[in-house]
Amino acid sequence: MSLYKRKDSPYWWVKLTVSGLRVSESTGTANKRQAQEYHDKRRAELWEQQRLGVKPRRSWDEAVLRYLGEEVKKKSVGDDKLHLRWWQPRLEGMDLTQITRDVVDRYKQESQRSGVSDATTNRRLQVLRAILRRAALEWDWLDKLPRFRLLKEPQGRVRYLTREEAGRLLAELPEHLRAMARFSLATGLRQGNVKGLRWAKVDLERCSAWVEASEAKGKRAIPVPLNAEAMRVLEEQRGKHPEWVFTFRGRPFEFKTSTKAWRRALKRAGIENFRWHDLRHTWASWHAQGGTPMHVLQKLGGWQTPAMVQRYAHLGMDDLKRYAEQVRIEEGYDLATPEMKKGRRSDPKSLNAMAPEVGLEPTTP
């Protein structure tokens, strides 16, 4: 019987065989007339798939499961799951072909009205786009990929500490977080790379460490020269664990560093609007203020493009001023135009009008 009831379900079920393809599934309704309509529609769809080569319909739920299965080792899979939880009640049960630009735009506006930042809305849209692109270009589940625009985001946030503020924060942090924060300020490494640092990736004799390409955000290996402060931190950590550099109660870090202890330390230190990642911003800002060239800072920080380092360029103005002084005009040179000179009264104080014009000369060291 092609339309039947099951003891474990309140809905009608269909059992179909079309050109050797067997399908048994719920109609999703307890109404027999609606179930019969579903049955007839599915039979027609299966015939089109088998005889005419029409692609089988695929649901959003199927696509999400396949995507997460393929991205299980992705570093940001946790963030993807967070954004997919927002999409699930809105797209659950929908065919991929039903996710049109109008549908996406409607939910984009809903996300904006909810009060989240444009960056959060864009992250939601990006994971949606990633799944739809894979369904169209790799899985062959979609014939047409809906196009939609992301929102414009402000330039990257740069929040950094002065050295006095950094000292106050370090004094308030518990020992395990203080060690990691000191190392972050000394090297600029991201939180995940500091937490996951192993002794096997440290060469104390050469004062260096490295981050494997597989562990780096940009998928490129990062060499990490260790300055005196970083070396002091490592020396203090020696002997605490045979494999991991930074631990908590004898075990490697398995949680984020933005804990209650971190937030309370910030409050006691009188520091607001500061995240753990801002330690990296602080490190880069101190480098820029100290005159480190941008191309060197790019290599030290493991950034892929120069554009990602330019956010710190304005902090190196003192160094730029020193270079600006390389070009100057000879004292006594009259900058007045010929028209200005004609209108100038004869004045013995205006002796610079009599000075010969001279060109630019290099500054002596």
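The shown structure was predicted, so the numbers you read here are calculated from the model rather than taken from an experiment.

Visitor: When you look at the overall build of the protein in this model, what are you seeing that I'm missing?
Guide: Helix and strand counts for the protein come out as 14 helices and 10 strands. Burial analysis of the protein (365 residues in total) assigns 36% to the buried set. By sequence separation, contacts in the protein at least 24 residues apart represent 57% of the contacts at least 6 residues apart. Put simply, the protein shows about 23400 Å² of open surface, and 51% of that area lies on carbon and sulfur atoms.

Visitor: Any chance you could explain the packing of aromatic side chains here in plain terms?
Guide: Each aromatic ring pair is characterised by the separation of its centres together with the angle its planes make. Taken as a whole, this structure holds seven aromatic pairs when the rule is applied. The interplanar angle of 85° and the centroid separation of 4.9 Å between the aromatic rings of Trp86 and Trp87 together place this pair among those described as edge-to-face. Each member of the pair, Trp86 as well as Trp87, carries the same accessibility label: buried. The ring of Trp13 has Arg6 lying over it, and the distance from NZ or CZ to the ring centre is 3.8 Å. Positioned above the aromatic ring of Trp86 is the side chain of Arg90, whose terminal nitrogen or guanidinium carbon lies 3.9 Å from the ring centre.

Visitor: For this particular structure, what's the right way to read the pairing of strand S5 (residues 208–211)?
Guide: Regular strands place their side chains on alternate faces of the sheet. Summarising the sheet, strand S4 (residues 202–203) and S5 pair through two bridges and their orientation is antiparallel. Counted as the bridge partner of Val202 is Ala209 from S5. The antiparallel pairing of S4 with S5 creates a hairpin that spans four residues between the two strands, and Cys207 there sits at a positive phi of about 55°. As defined by bridge partners, S5 adjoins strand S6 (residues 222–225) across four bridges and the pair is classed as antiparallel.

Visitor: Sorry, what's going on with the side chain of Asp80 here?
Guide: Tracing the sequence through the fold places Asp80 in helix H3 (residues 77–91). Asp80 has contacts with Tyr67, Lys74 and Val127, leaving out every residue within four places of it along the chain.

Visitor: How do you make sense of the packing of helix H6 (residues 163–172) against helix H7 (residues 175–187) when you look at a structure like this?
Guide: Two measures define how a pair of helices packs: the angle their axes make with one another and the distance between the axes. One way to put it is that H6 packs onto H7 with a least axis distance of 9 Å and a crossing angle of 155°. When the axis of H6 is compared with that of H7, the two are roughly antiparallel. In this structure, H6 crosses over H7, and the sense of that crossing is left-handed. Each of Ala166, Leu170 and Ala171 in H6 lies in contact with H7, whose residues at this interface are Arg178, Ala181, Arg182 and Leu185. The residue inventory of the contact of H6 with H7, partitioned by class, reads five nonpolar, no polar and two charged.

Visitor: Hey, could you run me through the pairing of strand S2 (residues 12–18) in this one?
Guide: With five of seven residues buried, S2 is to be regarded as a mostly interior element. Pairing between strand S1 (residues 3–5) and S2: three bridges, direction antiparallel. From the neighbouring strand, Tyr4 faces S2, where its bridge partner is Trp13. As consecutive antiparallel partners, S1 and S2 are separated by six residues.

Visitor: Explanation requested: the pattern of salt bridges in the structure shown.
Guide: Side chains that differ in sign of charge can pair as their charged atoms come close. Overall, the coordinates contain 18 salt bridges when judged by the stated rule. For Arg33, the salt bridge is made with Glu37, and the minimal N-O distance between the two is 3.0 Å. Of this pair, Arg33 and Glu37 both sit in helix H1 (residues 32–51), four residues apart, which is roughly one turn of the helix. Residue classification places Arg33 among the exposed residues on the basis of a relative accessible area of 53%.

Visitor: What's the story with the packing of H7 against helix H9 (residues 228–237) in this structure? I'm lost.
Guide: The N-to-C vectors of H7 and H9 enclose an angle of 150°; their axes lie 8 Å apart at closest approach. Between H7 and H9, the crossing angle belongs to the class labelled roughly antiparallel. Along this stretch, H7 crosses H9, giving a crossing that reads as left-handed. Along its contact with H7, which presents Ala179, Arg182, Phe183, Ala186 and Thr187, the element H9 presents Glu229, Ala230, Arg232, Val233, Leu234, Glu236 and Gln237. Within the contact of H7 with H9, the residues separate by chemical class into six nonpolar, two polar and four charged.

Visitor: Can you walk me through the sheet that holds S4 in this structure?
Guide: Each strand in a sheet pairs with its neighbour through backbone hydrogen bonds, running either in the same direction (parallel) or in the opposite one (antiparallel). The strand order across the open sheet built from three strands is S4-S5-S6, with neighbouring strands paired in antiparallel fashion. Among the strands making up the open sheet, the edge pair consists of S4 and S6.

Visitor: Honestly, the environment of Arg263 in this entry has me stumped. Any pointers?
Guide: In this structure, Arg263 sits in helix H10 (residues 260–269). For the pair formed by Arg263 and Phe274, sequence separation is 11 residues and the distance between their alpha carbons is 9.2 Å.

Visitor: What am I meant to see in helix H5 (residues 118–137) here?
Guide: Every α-helix winds through 3.6 residues per turn, so residues three or four apart in the chain are directed the same way. The end-to-end C-alpha distance of H5 is 27 Å, a good match for the 28 Å that 20 residues give at a rise of 1.5 Å each. Among the residues of H5, those classed as buried are Thr121, Asn122, Arg124, Leu125, Val127, Leu128, Ile131, Leu132, Arg134, Ala135 and Ala136. Buried-residue contacts for H5 involve helix H2 (60–70), H3 and helix H4 (101–113).

Cut-offs applied
Residues numbered from 1 in each chain as written. Predicted model: local features only at pLDDT ≥ 70, side-chain atom pairs only at ≥ 80, totals over all residues. Heavy atoms only, no water. Helix = DSSP H or I, 4+ residues; strand = E, 2+ residues; numbered from the N terminus. Buried < 20%, exposed > 50% of the residue type's maximum accessible area, 1.4 Å probe, protein only. Contact = heavy atoms within 4.5 Å. Areas by Shrake-Rupley, 256 points an atom, 1.4 Å probe, with all protein chains shown as cover. Phe/Tyr/Trp six-rings, centres within 6.5 Å; stacked < 30°, edge-to-face > 60°. Lys NZ or Arg CZ within 6 Å of the ring centre and 35° of its normal. Pairing = 2+ DSSP bridges. Axes fitted to C-alpha atoms, helices over the stretch in contact; angles between N-to-C directions. Parallel < 35°, antiparallel > 145°, perpendicular 65-115°, else oblique. Left-handed = near helix turned anticlockwise from the far one by under 90°. Nonpolar A, V, L, I, M, F, W, Y, C, P; charged D, E, K, R; others polar. Salt bridge = Lys/Arg side-chain N within 4 Å of Asp/Glu carboxyl O. Expected span 1.5 Å × (residues − 1).

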